[in-house]
Amino acid sequence: MVFSLNPSTLKMTRTNFFIVVVLAISSFQMMESSPDLANNVKENIQYNAINCRKHSAVITEFGAVGDGKTSNTKAFKEAITKLAPKAADGGVQLIVPPGKWLTGSFNLTSHFTLFIQKDATILASQDESEYPVVAPLPSYGQGRDAAGPTFASLISGTNLTDVVITGNNGTINGQGKYWWVKYRSGGFKNITRPYTLEIMFSKDVQISNITIIDSPAWNIHPVYCSNVIVKGVTILAPIDSPNTDGINPDSCTNTLIEDCFVVSGDDCIAVKSGWDQFGIKVGMPTQQLSIRRLTCISPDSAGIALGSEMSGGIKDVRMEDITLLQTQSAIRIKTAVGRGGYVKDIFARRFTMKTMKYVFWMSGAYNQHPASGYDPKAMPEITNINYRDMTADNVTQPARLDGFTNDPFTKICMSNINIALAAEPKKLLWNCTAISGVSSKVTPKPCSLLPEKAPMDCDFPVDKIPIESVVLNKCSS
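Residues numbered from 1 in each chain as written. Predicted model: local features only at pLDDT ≥ 70, side-chain atom pairs only at ≥ 80, totals over all residues. Heavy atoms only, no water.

### A word on helix H3 (residues 73–87)
Thinking step 1. Taking 1.5 Å of rise per residue, the 15 residues of H3 would be expected to cover 21 Å, and the 20 Å separating its terminal C-alpha atoms lies within 8% of that figure.
Thinking step 2. Along H3, the largest kink reaches about 25 degrees and is centred on Thr-81; proline Pro-85 follows within four residues of it.
Thinking step 3. Tucked inside the fold, the buried residues of H3 contact strand E2 (55–58), strand E3 (92–96), strand E4 (99–103), strand E5 (106–107), strand E6 (112–116) and strand E7 (120–124). (Helix = DSSP H or I, 4+ residues; strand = E, 2+ residues; numbered from the N terminus. Expected span 1.5 Å × (residues − 1). Bend = angle between axes of the 7 residues up to and from the residue. Contact = heavy atoms within 4.5 Å.)

### So, the state of the cysteines
Thinking step 1. If you walk through the whole model with that rule in mind, you get four disulfides.
Thinking step 2. Shown here is the disulfide that connects Cys-52 with Cys-475, its sulfur atoms set 2.0 Å apart. Handedness of the Cys-52-Cys-475 disulfide follows from its S-S torsion of about -85 degrees: it is left-handed. Of this pair, Cys-52 sits in the loop between strand E1 (46–49) and E2 while Cys-475 sits in strand E30 (residues 473–476); the two residues are 423 residues apart in sequence, bridging distant segments of the chain.
Thinking step 3. Paired by a disulfide, Cys-432 and Cys-447 hold their sulfur atoms 2.2 Å apart. Taking the torsion about the S-S bond as the criterion, the Cys-432 to Cys-447 disulfide, at about -95 degrees, is left-handed. Placement of the pair is Cys-432 in strand E28 (residues 430–433) and Cys-447 in the loop between strand E29 (435–443) and E30, with a sequence separation of 15 residues. The two residues Cys-432 and Cys-447 agree in class, both being buried.
Thinking step 4. Counting only the cysteines that take part in disulfides, in the order they occur along the protein, gives the pairing 1-8, 2-3, 4-7, 5-6.
Thinking step 5. As a non-bridged cysteine, Cys-252 has Cys-225 as the owner of its nearest cysteine sulfur, 4.7 Å distant.
Thinking step 6. On the basis of relative accessible area, Cys-252 is assigned to the buried category, the value being 0%. (Disulfide = S-S within 2.5 Å. Buried < 20%, exposed > 50% of the residue type's maximum accessible area, 1.4 Å probe, protein only.)

### Some thoughts on unusual backbone geometry
Thinking step 1. With an omega dihedral of 5 degrees, the bond running from Gly-307 to Ser-308 counts as a cis peptide bond.
Thinking step 2. The amide bond that connects Thr-443 to the next residue, Pro-444, takes the cis arrangement and shows omega of -5 degrees.
Thinking step 3. Note that Pro-444 resides in the loop between E29 and E30.
Thinking step 4. Positive phi outside glycine occurs at Asn-227, with the angle close to 60 degrees.
Thinking step 5. Relative to the assigned elements, Asn-227 resides in strand E17 (residues 226–231).

### Considering the sheet that holds strand E16 (residues 220–223)
Sheets are built from strands that pair by backbone hydrogen bonding, the pairs being arranged parallel or antiparallel.
Thinking step 1. Taken together, the four strands give an open sheet; going across it, the order is E5-E10-E13-E16, and neighbouring strands pair in parallel fashion. The open sheet has two edge strands with one neighbour each: E5 and E16.
Thinking step 2. Direction of pairing for strand E13 (residues 197–200) relative to E16: parallel, over a ladder of four bridges. Bridge pairing in E16 places Met-200 opposite Val-223. (Pairing = 2+ DSSP bridges.)

### Remarks on the environment of Ser-185
Thinking step 1. By the secondary structure assignment, Ser-185 is in the loop between helix H4 (177–184) and E13.
Thinking step 2. Taking relative accessible area as the criterion, Ser-185 reaches 58% and is therefore assigned exposed.
Thinking step 3. Looking at Ser-185, its side chain comes within polar contact range of the main-chain oxygen of Lys-182, at 2.9 Å. (Polar contact = N/O pair within 3.5 Å; in protein donor to acceptor, adjacent residues only side chain to side chain.)

And the structure:
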(Lines give C-alpha, C1' and ligand atoms only; values in the text may rest on other atoms or scores of the structure.)
Protein backbone atom coordinates (compact mmCIF):
# COMPACT_ATOMS: atom_id res chain seq x y z
CA MET A 1 0.00 0.00 0.00
CA VAL A 2 1.34 3.43 -1.00
CA PHE A 3 0.46 6.63 0.81
CA SER A 4 0.79 10.11 -0.72
CA LEU A 5 0.10 13.63 0.42
CA ASN A 6 -0.76 16.49 -1.90
CA PRO A 7 0.85 19.90 -1.18
CA SER A 8 -2.22 21.34 0.60
CA THR A 9 -2.51 18.30 2.86
CA LEU A 10 1.22 18.42 3.62
CA LYS A 11 0.96 22.13 4.48
CA MET A 12 -1.96 21.44 6.81
CA THR A 13 -0.05 18.58 8.41
CA ARG A 14 2.97 20.81 9.06
CA THR A 15 0.72 23.53 10.47
CA ASN A 16 -0.99 21.12 12.81
CA PHE A 17 2.36 19.70 13.88
CA PHE A 18 3.61 23.22 14.61
CA ILE A 19 0.54 23.94 16.73
CA VAL A 20 1.03 20.72 18.67
CA VAL A 21 4.70 21.55 19.29
CA VAL A 22 3.87 25.08 20.45
CA LEU A 23 1.21 23.79 22.79
CA ALA A 24 3.59 21.17 24.14
CA ILE A 25 6.32 23.74 24.76
CA SER A 26 3.84 26.11 26.37
CA SER A 27 2.61 23.32 28.61
CA PHE A 28 6.17 22.43 29.56
CA GLN A 29 6.96 26.05 30.42
CA MET A 30 3.78 26.29 32.49
CA MET A 31 4.72 23.07 34.24
CA GLU A 32 8.25 24.38 34.68
CA SER A 33 6.99 27.40 36.61
CA SER A 34 4.43 25.43 38.57
CA PRO A 35 5.07 25.34 42.34
CA ASP A 36 4.25 21.62 42.25
CA LEU A 37 7.14 20.82 39.91
CA ALA A 38 9.80 20.92 42.60
CA ASN A 39 7.88 18.52 44.82
CA ASN A 40 7.17 16.15 41.92
CA VAL A 41 10.81 16.14 40.92
CA LYS A 42 12.03 15.48 44.45
CA GLU A 43 9.77 12.46 44.86
CA ASN A 44 11.51 10.54 42.06
CA ILE A 45 15.13 10.81 43.19
CA GLN A 46 17.05 7.67 44.15
CA TYR A 47 20.78 7.09 43.95
CA ASN A 48 23.81 5.60 45.67
CA ALA A 49 26.29 7.95 47.31
CA ILE A 50 28.99 8.26 49.92
CA ASN A 51 26.50 10.27 52.00
CA CYS A 52 22.79 11.04 51.76
CA ARG A 53 21.26 14.50 52.26
CA LYS A 54 18.74 15.86 54.73
CA HIS A 55 17.61 18.75 52.51
CA SER A 56 16.65 18.98 48.84
CA ALA A 57 15.95 21.71 46.30
CA VAL A 58 15.34 22.01 42.55
CA ILE A 59 17.19 24.50 40.36
CA THR A 60 13.85 25.97 39.15
CA GLU A 61 13.25 27.26 42.67
CA PHE A 62 16.01 29.78 41.99
CA GLY A 63 14.62 31.09 38.71
CA ALA A 64 16.37 28.74 36.30
CA VAL A 65 14.80 28.19 32.87
CA GLY A 66 15.59 24.99 30.97
CA ASP A 67 15.09 26.26 27.43
CA GLY A 68 18.71 25.93 26.29
CA LYS A 69 18.90 29.68 25.61
CA THR A 70 18.50 31.50 28.93
CA SER A 71 21.68 31.81 30.98
CA ASN A 72 21.27 30.15 34.37
CA THR A 73 24.69 31.02 35.76
CA LYS A 74 23.15 33.39 38.29
CA ALA A 75 20.57 30.76 39.29
CA PHE A 76 23.19 28.05 39.93
CA LYS A 77 25.38 30.44 41.93
CA GLU A 78 22.42 31.73 43.95
CA ALA A 79 21.18 28.20 44.61
CA ILE A 80 24.49 27.01 46.01
CA THR A 81 24.98 30.16 48.08
CA LYS A 82 21.51 29.91 49.63
CA LEU A 83 21.76 26.16 50.17
CA ALA A 84 25.19 26.26 51.83
CA PRO A 85 23.77 26.76 55.38
CA LYS A 86 21.54 23.71 54.88
CA ALA A 87 24.53 21.77 53.61
CA ALA A 88 26.10 22.28 57.02
CA ASP A 89 22.89 20.92 58.61
CA GLY A 90 22.79 17.33 57.32
CA GLY A 91 23.71 18.05 53.72
CA VAL A 92 21.71 19.25 50.73
CA GLN A 93 21.06 18.10 47.17
CA LEU A 94 20.34 20.35 44.21
CA ILE A 95 18.29 18.61 41.52
CA VAL A 96 18.52 19.50 37.84
CA PRO A 97 15.28 18.28 36.18
CA PRO A 98 14.69 17.46 32.50
CA GLY A 99 15.48 20.38 30.21
CA LYS A 100 18.53 22.16 28.80
CA TRP A 101 20.09 24.37 31.46
CA LEU A 102 22.56 26.80 29.94
CA THR A 103 25.19 28.05 32.39
CA GLY A 104 28.68 29.36 32.79
CA SER A 105 31.11 28.42 35.55
CA PHE A 106 29.88 27.85 39.11
CA ASN A 107 31.38 26.50 42.34
CA LEU A 108 30.07 23.73 44.57
CA THR A 109 30.04 23.59 48.36
CA SER A 110 30.68 20.90 51.00
CA HIS A 111 28.18 18.23 52.05
CA PHE A 112 26.47 18.80 48.73
CA THR A 113 25.03 16.67 45.92
CA LEU A 114 24.41 17.93 42.40
CA PHE A 115 21.88 15.50 40.91
CA ILE A 116 21.30 15.58 37.13
CA GLN A 117 18.13 13.77 36.17
CA LYS A 118 17.60 11.66 33.08
CA ASP A 119 16.81 13.92 30.09
CA ALA A 120 18.42 16.87 31.89
CA THR A 121 21.41 18.57 30.27
CA ILE A 122 23.67 21.12 31.86
CA LEU A 123 24.69 23.07 28.78
CA ALA A 124 28.02 24.88 29.00
CA SER A 125 27.97 28.49 27.90
CA GLN A 126 30.17 29.50 24.98
CA ASP A 127 30.34 33.06 26.30
CA GLU A 128 33.89 33.48 27.64
CA SER A 129 32.74 36.19 30.03
CA GLU A 130 30.82 33.52 31.97
CA TYR A 131 34.10 31.83 32.96
CA PRO A 132 36.23 33.70 35.53
CA VAL A 133 39.96 33.82 34.87
CA VAL A 134 41.87 32.01 37.62
CA ALA A 135 45.52 31.48 38.51
CA PRO A 136 47.25 28.36 37.21
CA LEU A 137 47.67 25.37 39.49
CA PRO A 138 50.73 25.62 41.76
CA SER A 139 52.14 22.29 40.53
CA TYR A 140 51.96 23.48 36.90
CA GLY A 141 53.03 27.11 37.08
CA GLN A 142 51.01 27.99 34.01
CA GLY A 143 48.05 26.74 32.01
CA ARG A 144 48.41 23.69 29.79
CA ASP A 145 47.40 25.51 26.61
CA ALA A 146 49.57 28.57 27.09
CA ALA A 147 51.73 30.46 29.56
CA GLY A 148 49.37 32.40 31.76
CA PRO A 149 46.15 31.84 33.69
CA THR A 150 43.18 29.59 32.89
CA PHE A 151 39.46 29.88 32.51
CA ALA A 152 37.64 28.43 35.52
CA SER A 153 36.10 25.03 34.87
CA LEU A 154 32.40 24.73 34.17
CA ILE A 155 31.80 23.02 37.54
CA SER A 156 34.46 23.66 40.18
CA GLY A 157 35.09 23.21 43.87
CA THR A 158 37.97 24.01 46.21
CA ASN A 159 38.65 22.92 49.80
CA LEU A 160 35.50 20.82 49.93
CA THR A 161 34.50 17.84 52.03
CA ASP A 162 31.86 15.35 50.91
CA VAL A 163 30.78 16.49 47.44
CA VAL A 164 28.81 14.35 45.00
CA ILE A 165 28.03 14.94 41.31
CA THR A 166 25.65 12.22 40.16
CA GLY A 167 22.36 11.48 38.44
CA ASN A 168 20.47 8.82 36.56
CA ASN A 169 22.56 9.36 33.45
CA GLY A 170 21.86 13.04 33.05
CA THR A 171 24.21 14.94 30.75
CA ILE A 172 26.77 17.71 30.91
CA ASN A 173 27.38 19.11 27.42
CA GLY A 174 30.58 21.14 27.25
CA GLN A 175 29.76 22.53 23.77
CA GLY A 176 33.43 22.18 23.01
CA LYS A 177 33.43 22.97 19.29
CA TYR A 178 33.70 26.72 19.89
CA TRP A 179 36.75 26.21 22.09
CA TRP A 180 38.41 23.60 19.80
CA VAL A 181 38.13 25.83 16.73
CA LYS A 182 39.52 28.88 18.52
CA TYR A 183 42.34 26.83 20.11
CA ARG A 184 43.40 25.34 16.77
CA SER A 185 43.42 28.78 15.14
CA GLY A 186 45.75 30.11 17.86
CA GLY A 187 43.06 32.22 19.50
CA PHE A 188 44.09 31.39 23.07
CA LYS A 189 47.55 32.92 23.20
CA ASN A 190 47.79 33.56 26.94
CA ILE A 191 45.05 31.49 28.55
CA THR A 192 43.95 27.86 28.87
CA ARG A 193 40.51 26.50 27.97
CA PRO A 194 38.10 25.53 30.76
CA TYR A 195 37.74 21.93 31.87
CA THR A 196 34.30 20.46 32.53
CA LEU A 197 34.71 19.24 36.13
CA GLU A 198 37.61 20.25 38.37
CA ILE A 199 37.65 19.59 42.11
CA MET A 200 40.70 20.86 44.03
CA PHE A 201 42.13 20.42 47.54
CA SER A 202 39.13 18.34 48.54
CA LYS A 203 38.30 15.00 50.16
CA ASP A 204 35.45 12.51 49.88
CA VAL A 205 34.53 13.23 46.26
CA GLN A 206 32.12 11.20 44.12
CA ILE A 207 31.37 11.62 40.40
CA SER A 208 28.99 8.95 39.12
CA ASN A 209 26.25 7.96 36.71
CA ILE A 210 26.43 10.95 34.38
CA THR A 211 27.35 11.49 30.74
CA ILE A 212 29.76 14.21 29.66
CA ILE A 213 29.97 15.16 26.00
CA ASP A 214 32.15 17.58 24.02
CA SER A 215 34.28 19.01 26.81
CA PRO A 216 36.33 22.08 25.80
CA ALA A 217 39.46 20.28 27.09
CA TRP A 218 39.92 17.81 29.98
CA ASN A 219 36.67 16.26 31.20
CA ILE A 220 37.17 15.26 34.86
CA HIS A 221 40.10 16.62 36.84
CA PRO A 222 40.36 15.89 40.56
CA VAL A 223 43.57 17.55 41.75
CA TYR A 224 45.16 17.62 45.24
CA CYS A 225 42.26 15.43 46.44
CA SER A 226 41.85 12.31 48.56
CA ASN A 227 39.16 9.64 48.75
CA VAL A 228 37.80 10.03 45.21
CA ILE A 229 35.30 7.79 43.41
CA VAL A 230 34.56 8.11 39.68
CA LYS A 231 32.00 5.45 38.81
CA GLY A 232 29.63 4.67 35.96
CA VAL A 233 30.56 7.74 33.93
CA THR A 234 30.25 7.96 30.14
CA ILE A 235 32.53 10.45 28.37
CA LEU A 236 32.14 11.17 24.65
CA ALA A 237 34.18 13.49 22.45
CA PRO A 238 35.16 13.40 18.77
CA ILE A 239 38.31 11.34 18.29
CA ASP A 240 40.03 14.35 16.71
CA SER A 241 39.09 16.85 19.44
CA PRO A 242 42.14 18.47 21.07
CA ASN A 243 43.15 17.52 24.64
CA THR A 244 39.78 16.04 25.61
CA ASP A 245 41.31 13.66 28.18
CA GLY A 246 38.65 11.62 29.91
CA ILE A 247 39.59 11.31 33.59
CA ASN A 248 42.79 12.85 34.96
CA PRO A 249 43.54 12.08 38.63
CA ASP A 250 46.27 14.55 39.52
CA SER A 251 48.24 14.57 42.79
CA CYS A 252 45.44 12.52 44.36
CA THR A 253 45.52 9.80 47.03
CA ASN A 254 43.09 6.89 47.40
CA THR A 255 41.12 7.06 44.14
CA LEU A 256 38.81 4.52 42.50
CA ILE A 257 37.80 4.75 38.83
CA GLU A 258 35.45 1.98 37.75
CA ASP A 259 32.76 1.03 35.22
CA CYS A 260 33.45 3.97 32.90
CA PHE A 261 33.15 4.26 29.11
CA VAL A 262 35.30 6.83 27.34
CA VAL A 263 35.64 7.91 23.70
CA SER A 264 38.23 10.66 23.46
CA GLY A 265 40.52 12.72 21.30
CA ASP A 266 43.25 12.22 23.90
CA ASP A 267 44.05 9.75 26.69
CA CYS A 268 40.97 8.07 28.16
CA ILE A 269 42.66 8.25 31.56
CA ALA A 270 45.80 10.28 32.24
CA VAL A 271 47.43 10.00 35.65
CA LYS A 272 49.36 13.14 36.61
CA SER A 273 51.18 14.90 39.46
CA GLY A 274 52.56 18.22 38.29
CA TRP A 275 54.90 19.64 35.70
CA ASP A 276 58.68 19.95 35.98
CA GLN A 277 60.04 22.33 38.67
CA PHE A 278 56.54 23.29 39.80
CA GLY A 279 55.48 19.69 40.37
CA ILE A 280 58.77 18.88 42.09
CA LYS A 281 58.29 21.83 44.46
CA VAL A 282 54.71 20.94 45.40
CA GLY A 283 55.69 17.28 45.72
CA MET A 284 52.22 15.71 45.87
CA PRO A 285 52.18 12.26 44.23
CA THR A 286 49.26 10.40 42.78
CA GLN A 287 49.14 7.19 44.78
CA GLN A 288 46.74 4.43 45.78
CA LEU A 289 44.84 4.48 42.49
CA SER A 290 42.60 1.65 41.29
CA ILE A 291 41.22 1.61 37.73
CA ARG A 292 38.91 -1.25 36.79
CA ARG A 293 36.31 -2.17 34.18
CA LEU A 294 37.18 0.70 31.83
CA THR A 295 36.18 0.62 28.16
CA CYS A 296 38.12 3.06 25.98
CA ILE A 297 38.26 4.16 22.34
CA SER A 298 41.04 6.62 21.48
CA PRO A 299 42.74 6.07 18.09
CA ASP A 300 45.40 8.74 18.65
CA SER A 301 46.19 8.32 22.34
CA ALA A 302 46.39 5.90 25.25
CA GLY A 303 43.85 3.91 27.14
CA ILE A 304 45.71 4.76 30.33
CA ALA A 305 48.62 7.21 30.36
CA LEU A 306 51.00 7.78 33.25
CA GLY A 307 52.38 11.29 32.77
CA SER A 308 53.74 13.14 31.14
CA GLU A 309 53.22 15.61 33.99
CA MET A 310 54.45 13.28 36.75
CA SER A 311 56.97 15.42 38.61
CA GLY A 312 55.33 14.89 42.01
CA GLY A 313 55.50 11.13 41.51
CA ILE A 314 53.08 8.34 40.58
CA LYS A 315 53.02 5.10 42.56
CA ASP A 316 50.81 2.18 43.56
CA VAL A 317 48.51 2.18 40.53
CA ARG A 318 46.38 -0.93 39.91
CA MET A 319 44.60 -1.46 36.58
CA GLU A 320 42.43 -4.48 35.81
CA ASP A 321 39.63 -5.73 33.56
CA ILE A 322 40.23 -3.12 30.88
CA THR A 323 38.80 -3.20 27.33
CA LEU A 324 40.49 -1.11 24.65
CA LEU A 325 39.16 -0.75 21.11
CA GLN A 326 40.87 1.07 18.23
CA THR A 327 43.23 2.78 20.65
CA GLN A 328 46.78 3.90 19.93
CA SER A 329 48.33 2.24 23.01
CA ALA A 330 47.13 0.38 26.06
CA ILE A 331 49.40 1.81 28.76
CA ARG A 332 51.72 4.67 27.94
CA ILE A 333 54.33 5.96 30.35
CA LYS A 334 55.31 9.49 29.29
CA THR A 335 58.14 11.50 30.78
CA ALA A 336 61.15 13.65 29.90
CA VAL A 337 64.45 15.01 31.09
CA GLY A 338 63.64 17.71 33.64
CA ARG A 339 60.51 16.04 34.99
CA GLY A 340 62.10 14.51 38.07
CA GLY A 341 59.66 12.49 40.14
CA TYR A 342 58.95 8.82 39.55
CA VAL A 343 56.57 6.26 38.10
CA LYS A 344 56.86 3.09 40.14
CA ASP A 345 54.90 0.19 41.56
CA ILE A 346 52.53 -0.04 38.60
CA PHE A 347 50.36 -3.15 38.22
CA ALA A 348 48.11 -4.10 35.28
CA ARG A 349 46.22 -7.30 34.47
CA ARG A 350 43.34 -8.69 32.42
CA PHE A 351 43.39 -6.31 29.46
CA THR A 352 41.46 -7.15 26.27
CA MET A 353 42.55 -5.13 23.23
CA LYS A 354 41.43 -4.98 19.61
CA THR A 355 43.05 -2.91 16.83
CA MET A 356 46.00 -1.20 18.48
CA LYS A 357 49.04 0.61 17.15
CA TYR A 358 51.03 -0.34 20.25
CA VAL A 359 50.24 -2.41 23.30
CA PHE A 360 53.04 -1.07 25.50
CA TRP A 361 54.64 2.33 25.06
CA MET A 362 57.16 4.02 27.32
CA SER A 363 58.88 7.21 26.27
CA GLY A 364 61.40 9.54 27.86
CA ALA A 365 61.14 12.02 25.00
CA TYR A 366 57.94 13.86 25.87
CA ASN A 367 59.72 17.20 25.76
CA GLN A 368 56.97 19.69 26.50
CA HIS A 369 58.01 22.06 29.29
CA PRO A 370 56.46 25.06 31.03
CA ALA A 371 58.25 28.40 31.12
CA SER A 372 62.02 28.22 31.25
CA GLY A 373 63.60 27.18 34.50
CA TYR A 374 63.27 23.42 34.61
CA ASP A 375 66.29 21.48 35.83
CA PRO A 376 67.84 19.31 33.07
CA LYS A 377 69.47 17.24 35.79
CA ALA A 378 66.09 16.26 37.26
CA MET A 379 65.76 12.74 35.92
CA PRO A 380 62.60 10.71 36.48
CA GLU A 381 62.72 7.22 37.96
CA ILE A 382 60.70 4.57 36.11
CA THR A 383 60.76 1.21 37.88
CA ASN A 384 58.73 -1.84 38.95
CA ILE A 385 56.23 -1.88 36.08
CA ASN A 386 54.14 -5.08 35.95
CA TYR A 387 51.90 -6.30 33.10
CA ARG A 388 50.17 -9.68 33.06
CA ASP A 389 47.25 -11.70 31.65
CA MET A 390 46.49 -9.75 28.47
CA THR A 391 45.28 -10.45 24.94
CA ALA A 392 45.44 -8.18 21.93
CA ASP A 393 44.31 -8.57 18.31
CA ASN A 394 45.28 -6.66 15.17
CA VAL A 395 48.36 -4.95 16.63
CA THR A 396 50.85 -3.01 14.50
CA GLN A 397 53.74 -3.10 16.99
CA PRO A 398 53.66 -4.91 20.35
CA ALA A 399 55.94 -2.49 22.17
CA ARG A 400 57.95 0.69 21.90
CA LEU A 401 60.01 1.07 25.07
CA ASP A 402 62.51 3.94 25.15
CA GLY A 403 64.30 4.78 28.39
CA PHE A 404 67.15 7.21 28.98
CA THR A 405 70.61 6.08 27.91
CA ASN A 406 72.13 7.13 31.23
CA ASP A 407 69.03 6.41 33.31
CA PRO A 408 67.26 3.23 32.09
CA PHE A 409 63.72 2.20 32.95
CA THR A 410 64.09 -0.83 35.22
CA LYS A 411 62.24 -3.83 36.67
CA ILE A 412 59.76 -4.17 33.81
CA CYS A 413 57.84 -7.45 34.01
CA MET A 414 55.49 -8.97 31.40
CA SER A 415 53.78 -12.35 31.75
CA ASN A 416 51.06 -14.38 30.06
CA ILE A 417 50.48 -11.95 27.20
CA ASN A 418 49.29 -12.99 23.74
CA ILE A 419 49.49 -10.40 20.96
CA ALA A 420 48.11 -11.18 17.48
CA LEU A 421 49.63 -9.00 14.80
CA ALA A 422 47.93 -6.89 12.14
CA ALA A 423 48.12 -7.88 8.48
CA GLU A 424 50.99 -5.41 7.97
CA PRO A 425 52.89 -5.10 11.25
CA LYS A 426 56.07 -3.14 11.85
CA LYS A 427 59.21 -5.01 10.86
CA LEU A 428 60.73 -4.35 14.27
CA LEU A 429 58.08 -5.76 16.58
CA TRP A 430 59.76 -4.87 19.88
CA ASN A 431 61.62 -1.57 19.79
CA CYS A 432 63.55 -1.44 23.08
CA THR A 433 66.30 0.90 24.26
CA ALA A 434 67.65 1.63 27.74
CA ILE A 435 65.29 -0.67 29.65
CA SER A 436 65.67 -3.83 31.73
CA GLY A 437 63.32 -6.47 33.00
CA VAL A 438 61.96 -9.97 32.40
CA SER A 439 59.19 -11.73 30.49
CA SER A 440 57.36 -15.04 30.73
CA LYS A 441 54.90 -16.62 28.30
CA VAL A 442 54.74 -13.58 26.01
CA THR A 443 53.93 -13.87 22.30
CA PRO A 444 55.48 -12.66 20.04
CA LYS A 445 58.86 -13.06 21.73
CA PRO A 446 59.99 -9.81 23.38
CA CYS A 447 63.28 -8.01 22.78
CA SER A 448 66.49 -9.28 24.36
CA LEU A 449 66.29 -6.64 27.11
CA LEU A 450 63.25 -8.53 28.46
CA PRO A 451 64.68 -12.07 28.60
CA GLU A 452 62.41 -15.08 29.08
CA LYS A 453 62.30 -16.53 32.58
CA ALA A 454 60.82 -19.76 33.88
CA PRO A 455 56.99 -19.69 33.97
CA MET A 456 56.01 -16.98 36.42
CA ASP A 457 53.40 -14.29 37.03
CA CYS A 458 54.27 -10.65 37.37
CA ASP A 459 53.15 -9.04 40.61
CA PHE A 460 49.66 -7.73 41.33
CA PRO A 461 48.76 -6.71 44.90
CA VAL A 462 46.40 -8.94 46.86
CA ASP A 463 45.36 -6.18 49.25
CA LYS A 464 42.89 -3.38 48.47
CA ILE A 465 43.39 0.33 48.65
CA PRO A 466 41.03 1.87 51.25
CA ILE A 467 38.57 3.43 48.78
CA GLU A 468 37.79 0.01 47.28
CA SER A 469 36.14 -1.03 50.56
CA VAL A 470 33.75 1.93 50.69
CA VAL A 471 30.08 0.90 50.48
CA LEU A 472 27.78 3.55 49.02
CA ASN A 473 24.54 4.45 50.77
CA LYS A 474 21.13 4.21 49.11
CA CYS A 475 19.76 7.75 49.02
CA SER A 476 16.51 9.43 48.05
CA SER A 477 15.00 12.89 48.29
